[in-house]
Amino acid sequence: NFYIGNIMHLRKLVPIVGFCAVSLFSSSAMAQLWAKNCATNQCLDATTGNTNGMVQVSDCDTSKMAQQWHQNSPSAERLENAYDGFEKPCLDMNAESSVVTNKCRELEAQKWTFADNGQVAPIQNQYWNEGNQCVEVEAVSNTVTAAKCNKEESQNWYWVNVGDNTPCPIVEPRMKLPKTVEEQKMKLPKTGE
């Protein structure tokens with residue numbers, strides 16, 4: 001009887017356990033992160049839940065849900081804002097230089113290439129200008145726009161866990177390697193001289 005009672009109890013928990021398992025999976029896949037701009041050391045910030053909502057950077061603050069983003073929702077190419085009050089919009093572009101937030105949909109303009117947590121890289125739109133538009137911060141106004149990708153610091157973003165105040169690491173350029181073996185041979189000292 002005790003054994004049957006426990007099985008019945010477990011049967012009742014199965015849907016809950018299944019839900020928890022899914023929930024745990026999604027929470028790790030949907031970690032909330034800050035996108036910090038390397039030029040300003042400020043966080044990417046949604047300003048409204050309205051259609052074509054302006055995006056800016058502002059001082060990072062753990063209490064501002066509009067600064068928190070999910071990198072993997074609803075697909076690995078989208079950046080969804082974590083703020084329920086704005087109905088969790090996605091980063092979007094509605095023109096070649098206009099970065100906004102809009103309701104998450106299956107739109108090419110909502111697909112982005114970006115770095116993983118802890119890494120520095122541009123946030124690059126996959127649709128506009130044949131995938132060559134990067135999110136940048138305008139120095140004077142702190143507004144966020146897009147421009148042709150140019151590797152400037154204002155286009156570099158550092159993804160960190162919410163609350164991590166580490167500044168953007170300095171990206172060291174790699175040493176340029178010779179293009180051909182012949183170039184390398186020319187640089188070696190000649191023997192027998």
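Keep in mind the model is a prediction, meaning the values are calculated, not measured.

**Q** Sorry if this is basic, but what is going on with the overall build of the chain here?
**A** Counting its secondary structure elements, the chain contains two helices and 13 strands. Among the 193 residues that make up the chain, the fraction classed as buried is 34%. Within the chain, contacts between residues separated by at least 24 positions form 50% of all contacts whose residues are at least 6 apart in sequence. Summing over all exposed atoms, the chain offers an accessible surface of approximately 12,200 Å²; the carbon and sulfur share of this is 55%.

**Q** Help me out: how do you make sense of the confidence of the model for the chain in this one?
**A** Detailed reading of the predicted coordinates is not advisable wherever pLDDT falls low. With 70% of its residues at a pLDDT of 70 or more, the chain shows a mean pLDDT of 78. Across residues 1-29, confidence stays below pLDDT 50; counting only partners more than four residues off in sequence or on other chains, it has one contact. Below pLDDT 50 for its whole length, residues 173-177 participates in zero contacts with residues either more than four positions away or in separate chains.

**Q** Please clarify how the pattern of salt bridges should be interpreted in this entry.
**A** Oppositely charged side chains can pair when the atoms bearing their charge come close. Counted by the stated rule, this structure contains four salt bridges. A salt bridge links Arg78 to Glu106, with the nearest nitrogen and oxygen atoms 2.8 Å apart. Taken together, the residues span a long stretch of sequence, with Arg78 in the loop between strand 4 (69-70) and strand 5 (80-81) and Glu106 in the loop between strand 7 (98-102) and strand 8 (112-113) at a distance of 28 residues. The exposure class assigned to Glu106 is exposed, which follows from its relative accessible area of 70%. Linking Lys88 and Asp84 is a salt bridge whose minimum nitrogen-to-oxygen distance equals 3.4 Å. Residues joined in a network through salt bridges with shared partners are Glu77, Glu108 and Lys111.

Basis of the calculations
Residues numbered from 1 in each chain as written. Predicted model: local features only at pLDDT ≥ 70, side-chain atom pairs only at ≥ 80, totals over all residues. Heavy atoms only, no water. Helix = DSSP H or I, 4+ residues; strand = E, 2+ residues; numbered from the N terminus. Buried < 20%, exposed > 50% of the residue type's maximum accessible area, 1.4 Å probe, protein only. Contact = heavy atoms within 4.5 Å. Areas by Shrake-Rupley, 256 points an atom, 1.4 Å probe, with all protein chains shown as cover. pLDDT = per-residue confidence, 0-100. Salt bridge = Lys/Arg side-chain N within 4 Å of Asp/Glu carboxyl O.

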